[in-house]
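The lines below spell out each chain.
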Amino acid sequence: MESETVNGRILYFDKKNLIKAVGNTITLFNENKSNTFDIPGNFLHSLGRRFAIIGRLLRSSCHHAFYYGEKIILFVDKRLIIIDTVNGNCLYEFRLTSSRPLVVCNYKNKIYYGEYFTNPLRLPVKVWSFDLNSFSWSCVSQISDIRHIHGIFFDPYEDLFWMTTGDLDSECFIWKSKDLSSFEKVIGGSQKYRAVHLIFSENSIYYGSDSPSEKNYLYRLDRRNLKTTIITQVGGS
């Protein structure tokens, strides 16, 4: 894409494509052209995407988007929607079983996410997989003794997945997994490890703590010895 000003909420970009949301539309920019598509939904949720106050009440905004095989994969209104960018048709629509995911992992021909909900009874929390070719769902694992899952992330340096969870001290951990069928706790046990996003480099993993009760920091986690180093203080919840 050539450099240009894009108004709206940017949900996805790569070297060739950019997806933005404005009101009840989603726009794909690629190869110096753009195509805009209507987002399917009922009247109330359409209002929510136009007016911020209603949107916060109904949680009706667009949360995540990906571009795959001439299709836009869109998380909106606690739904997964797939739009064909060739003709603008809605190919698939599914109501999520829990609240919207906080972070979605797009890896090869699948997307993965962990359930993110209030979970006062501390029920087992599921990790879901969705196949972008067959449009099929599978529950790949369940995690106990946590409130919810913040994010699933693929690490290209170690060729494995990482997961972040919260929210109490005993629930705040960073985990890893080879295939998402089971997870190993790597580090955690306090608000210091209440991470949401992870960013990877060859030797380190970077994350920010997100605690409403303590000061928050940007940390560097050394892959070799699992020691954390504070980079700087940041805002949080």
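You'll find the structure just up there.
Going along each chain's sequence as written, the residues are numbered from 1 onward. Only residues with pLDDT of at least 70 get local features here, since the model is predicted, and only at 80 or more are side-chain atom pairs given and counted; chain-wide, interface and lining totals rely on the full set of residues. Based on all heavy atoms of the structure, the side-chain values leave hydrogens and waters out of the count.

A. Main features of the overall build of the chain. Labels follow the DSSP assignment, with helices taken as runs of H or I lasting at least four residues and strands as runs of E lasting at least two, numbered in each case from the N terminus. The number of helices and strands found in the chain is two helices and 20 strands. Any residue under 20% of the maximum accessible area for its type is buried, any over 50% is exposed, and the rest in between are partly exposed; the area is computed with a 1.4 Å probe on protein chains only. By the burial criterion, 46% of the 237 residues in the chain qualify as buried. Contacts: residue pairs with any heavy atoms within 4.5 Å of one another. Long-range contacts, defined here as pairs at least 24 residues apart, represent 32% of the contacts in the chain between residues at least 6 apart. A total of about 12,400 Å² of accessible surface is found on the chain, and carbon and sulfur atoms cover 50% of it. Each accessible area is a Shrake-Rupley result for a 1.4 Å probe, and residues are judged covered by the shown protein chains and nothing else.

B. Representation of the sheet that holds strand 12 (residues 136–143) in the model. A pair of strands is considered paired only if DSSP assigns at least 2 bridges between the two. Reading across the sheet, the four strands line up as 9-10-11-12 and stay open at both edges, with antiparallel pairing between neighbours. The sheet is open, and its two edges are formed by strand 9 (105–107) and strand 12, each paired on a single side. Recorded for the sheet is a direction-independent mean angle of 20 degrees between the axes of neighbouring strands. Note: strand 10 (residues 110–114) against strand 11 (residues 125–131), five bridges, orientation antiparallel. Each residue of the ladder has a partner; that of Y112, found in strand 11, is S129. Note on geometry: axes are C-alpha line fits, over the in-contact stretch for helices, and angles between N-to-C directions span 0 to 180 degrees.

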